[in-house]
Amino acid sequence: MLAVKPVPDMRLAEGLCELTGIPYDTSAFTYFAADVNEDDTAINHIIGVCTFTMRGGVNRIEYLKQADGIDDAEAMIIMARTVMNFMYRCEAESVTVNESGVDADMIKKLGFKEKGGEYVIDLKKFYISPCKYNG
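Starting afresh in each chain, residues are numbered from 1 along the sequence in its written order. Under the rules for a predicted model, residues below a pLDDT of 70 receive no local features and side-chain atom pairs below 80 are neither given nor counted, while totals for whole chains, interfaces and linings still include all residues. Only heavy atoms go into the side-chain values, all of them from the structure, while hydrogens and water stay out.

Caption draft 1: Representation of the pairing of strand β3 (residues 43–55). Examined bridge by bridge, strand β2 (residues 29–36) and β3 share eight bridges and lie antiparallel to one another. For Ala 34, the partnering residue across the bridge sits in β3 and is Ile 46. A pair of strands is considered paired only if DSSP assigns at least 2 bridges between the two. Secondary structure elements follow DSSP: runs of H or I no shorter than four residues count as helices, runs of E no shorter than two count as strands, and numbering proceeds from the N terminus. Following β2, the chain reverses through six residues before pairing antiparallel with β3; Asp 40 in that reversal takes a positive phi of roughly 60 degrees. Where β3 and strand β4 (residues 58–66) come together, eight bridges link them in antiparallel fashion. Each residue of the ladder has a partner; that of Val 49, found in β4, is Lys 65.

See below:
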């Protein structure tokens, strides 16, 4: 069963970043995706990690990375959308992405569109109809 959760403990966030080979940033938020048992009491294995920042109206997915040996694009999309929903609930209007921290194919799958030299999603438009969003 898939679980996507925020990581409130900085030491745990640092360990998850190390596990997936991404840089740890003390000012970034961290979420993880994991396969858990049926009653959600134990982690079977980590699927991936997403780090993101929200600074001065600039909201950005920094890294979205699967753990070694994992190939689960659907879980990664769900985790990124969970992060985007968190940003939206914090009244963020848009989100950008770190192109060197997220696979180019995944950037497109998530619905980011190139605008002014960066990839962006207008969260207000996205959450009007997320299944029909086209930038």
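There's plenty left to go through after this.
Caption draft 2: Summary view of the confidence of the model for the chain. Of all residues in the chain, 96% have pLDDT values of 70 or greater, and the mean over the chain is 94. Element-level pLDDT for the chain is lowest in helix α4 (residues 123–126), with a mean of 91, against a maximum mean of 98 in strand β5 (residues 94–97). Residue-level confidence of the predictor is what pLDDT reports, using numbers from 0 through 100.

Caption draft 3: How the structure looks around the sheet that holds β3. The mixed open sheet is built from seven strands, whose spatial order is β1-β2-β3-β4-β5-β7-β6. Each end of this open sheet is capped by a strand with a single partner; those strands are β1 (2–6) and β6 (113–115). This sheet shows a mean twist of 35 degrees between the axes of neighbouring strands, independent of strand direction. Contact between two residues is taken to exist if any of their heavy atoms lie within 4.5 Å; hydrogens are not considered. Angles shown run from 0 to 180 degrees and are taken between the N-to-C directions of axes, each axis being a line fitted to C-alpha atoms and, for helices, limited to the stretch in contact. Relative to the sheet, helix α1 (residues 10–20) contacts β2, β3 and β4, its axis offset from that of β3 by approximately 110 degrees. In the packing of helix α2 (residues 73–89) onto the sheet, the strands contacted are β1, β2, β3, β4, β5 and β7 (118–122), and the crossing angle to β3 comes to about 35 degrees.

Caption draft 4: Region of interest: the nonpolar core. The set of buried Ala, Val, Leu, Ile, Met, Phe, Trp, Tyr and Cys residues whose side-chain atoms join them within 4.5 Å is what this entry labels a nonpolar core. Three exposure classes are used, based on accessible area relative to the maximum for each residue type with a 1.4 Å probe and protein chains only: buried under 20%, partly exposed in between, and exposed over 50%. By size, the foremost hydrophobic cluster in this structure holds 25 residues, and its most contacted members are Ile 61, Leu 64, Val 95 and Phe 112. Elements supplying a minimum of two residues to this core: β2, β3, β4, α2, β5, α3 (104–110) and α4. By residue number, the principal contributor to this core is α2, which donates seven residues. Core analysis: the second largest hydrophobic core is formed by 11 residues, Ala 3, Leu 16, Ile 22 and Val 36 among them.

Caption draft 5: Just the pattern of salt bridges, in detail. Any Lys or Arg side-chain nitrogen found within 4 Å of a carboxyl oxygen on Asp or Glu counts as a salt bridge. For the structure on display, the rule yields six salt bridges. Of the charged contacts, one joins Asp 9 and Arg 11 as a salt bridge, the two residues approaching to 3.9 Å between their closest N and O atoms. According to the relative accessible area criterion, Arg 11 is exposed, its value standing at 69%. For the salt bridge of Glu 62 with Arg 60, the shortest nitrogen-to-oxygen distance reads 2.8 Å. According to the relative accessible area criterion, Glu 62 is buried, its value standing at 12%.

Caption draft 6: View of the side chain of Thr 30. Here Thr 30 lies in strand β2. Setting aside chain neighbours within four positions, we find Thr 30 in contact with Lys 5, Pro 6, Val 7, Ala 13, Val 49, Cys 50 and Thr 51.

Caption draft 7: Fine view of the state of the cysteines. Pairs of cysteine sulfur atoms within 2.5 Å are what we label disulfides. Per the stated rule, a full pass over the model turns up zero disulfides. Of all cysteine sulfurs, the one in Cys 17 lies closest to Cys 50, which takes part in no disulfide; the gap is 9.9 Å. Under the relative-accessibility criterion, Cys 50 is labelled buried at 0%. In this structure Cys 90 is a free cysteine whose sulfur lies 14 Å from that of Cys 50, the closest cysteine sulfur available.

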